[in-house]
Amino acid sequence: MMTINGLIQIALYCAIILAITKPLGGYLAKVFSGERTFLSAILGPVERGLYRLSGVNPDEEQHWITYAFAMVAFSVAGFVVLYAIQRLQGVLPFNPQHLQNVGPDLAFNTSISFISNTNWQSYVPETTMSYLTQMMGLTMHNFVSAATGIALAVALVRGFARRSAKSVGNFWVDLVRCTLYVLLPI
């Protein structure tokens, strides 16, 4: 049986969701269409610097196949890097507990779960993963795997909205904007 406190919490949650829907949706629309937001003055130079550093042209859109290939390539590269960090953590820095390398099956399972944003963990991080593995591997994937999912959702919406267009945006731009303007501020 539901208590009064439980009903109040559910009602408050629903009211908050309804209250933020329009402003948050408008903000997300501005972010992913490249319009100026209240964070542009601070994050705009960082965003442009990342594009220059990586050689991405933010004005160049991609066909859906190119967009999907970029996403898959990014995810595969992320898997390989995270797997390598776990398998080599015994010789990498920021391991003051001198934890051993993560076993191949656990490293594989953890890498797959973090790139797919399921983050399933069958270990105790403090006794299995070094500081470097947790910071550079797992925490980074907490952001970029979520950004990848959001970028794909945005591309899907663009695809529906631009039925006859040849492009759905740029995966790299969507990934950077989602990370900088949406996930990091949260």
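Residues numbered from 1 in each chain as written. Predicted model: local features only at pLDDT ≥ 70, side-chain atom pairs only at ≥ 80, totals over all residues. Heavy atoms only, no water.

K.L.:
What is the right way to look at helix α4 (residues 104-115) in this model?
P.N.:
Note on helix geometry: an α-helix contains 3.6 residues per turn, so any two residues three or four positions apart are oriented the same way. In this model α4 runs 16 Å from its N-terminal to its C-terminal C-alpha over 12 residues, within 8% of the 16 Å that 1.5 Å per residue would give. Among all positions in α4, only Ala107, Thr110, Ser111, Ser113 and Phe114 are buried. Buried positions in α4, seen along its axis, are confined to an arc of 170 degrees and lie on one side of it. Count one or two residues on from α4 and you reach Asn117, which has phi positive near 65 degrees. (Helix = DSSP H or I, 4+ residues; strand = E, 2+ residues; numbered from the N terminus. Expected span 1.5 Å × (residues − 1). Buried < 20%, exposed > 50% of the residue type's maximum accessible area, 1.4 Å probe, protein only. Arc of directions from axis to C-beta.)

K.L.:
Explain empty space enclosed by the protein here, please?
P.N.:
A water-sized probe rolled over the atoms picks out the places where empty space is left. Inspection of every chain in the model, using the stated rule, returns 1 cavity of 30 Å³ or more. In this model, the largest cavity occupies a volume close to 40 Å³. What lines the largest cavity is Phe74, Ser75, Ile115, His141, Val144, Ser145 and Thr148. If you list the elements that add at least two residues to the lining of the largest cavity, you get α3 (64-87) and α6 (131-161). Looking at which element gives the most residues to the lining of the largest cavity, the answer is α6, with 4 residues. Considered class by class, the residues forming the lining of the largest cavity number 3 nonpolar, 4 polar and no charged. (1 Å grid on protein atoms, 1.4 Å probe; cavity = no way out; pocket = protein on both sides within 12 Å on 5 of 7 lines; lining within 4 Å. Points joined across faces, edges and corners; volume = space filled by probe spheres on them. Nonpolar A, V, L, I, M, F, W, Y, C, P; charged D, E, K, R; others polar.)

K.L.:
What is the right way to look at α3 in this model?
P.N.:
Taking 1.5 Å as the rise per residue, α3 with 24 residues should run 34 Å; its terminal C-alpha atoms sit 34 Å apart, in good agreement. On its buried side, α3 packs onto α4, α6 and α7 (171-183). (Contact = heavy atoms within 4.5 Å.)

K.L.:
Help me out: how do you make sense of the packing of aromatic side chains in this one?
P.N.:
Aromatic ring pairs are reported here in terms of the distance separating the ring centres and the angle at which the planes meet. Evaluated as defined, the whole model comprises 7 aromatic pairs. Ring centres of Phe79 and Tyr83 lie 5.9 Å apart, and the angle between their planes is 20 degrees; on these two criteria the pair is classed as stacked. Separated by 4 residues within a single helix, Phe79 and Tyr83 lie in helix α3, roughly one turn from each other. With centroids separated by 5.0 Å and ring planes inclined at 75 degrees, the aromatic side chains of Phe171 and Trp172 adopt a geometry described as edge-to-face. According to the relative accessible area criterion, Phe171 is buried, its value standing at 0%. What links up through ring pairs into an aromatic cluster is the set Tyr67, Phe74, Phe171 and Trp172. (Phe/Tyr/Trp six-rings, centres within 6.5 Å; stacked < 30°, edge-to-face > 60°.)

K.L.:
Even after reading the chapter, I still don't get the packing of α3 against α7, so can you show me in this structure?
P.N.:
Any two packed helices are characterised by the angle at which their axes cross and by the distance between the axes. Orientation of α3 relative to α7, taken along the N-to-C sense of each, is 55 degrees, at an axis distance of 9 Å. Comparing the axis directions of α3 and α7 gives the class oblique. Side by side, α3 and α7 meet where Tyr67, Ala70, Met71 and Phe74 of the first sit next to Phe171, Trp172, Asp174 and Leu175 of the second. Its residues placed into classes, the contact of α3 with α7 shows 7 nonpolar, no polar and 1 charged. (Axes fitted to C-alpha atoms, helices over the stretch in contact; angles between N-to-C directions. Parallel < 35°, antiparallel > 145°, perpendicular 65-115°, else oblique.)

K.L.:
What's the story with a nonpolar patch on the surface in this structure? I'm lost.
P.N.:
On the surface, Leu12, Tyr13, Ile16, Ile17, Ile20 and Leu24 cluster together into a nonpolar patch covering about 570 Å² of accessible area. Note on placement: Ile16 falls in helix α1 (residues 4-33). (Patch = residues over 30% accessible without salt bridge, like charges linked within 9 Å, V, L, I, M, F, W, Y side chains within 5 Å. Areas by Shrake-Rupley, 256 points an atom, 1.4 Å probe, with all protein chains shown as cover. Salt bridge = Lys/Arg side-chain N within 4 Å of Asp/Glu carboxyl O.)

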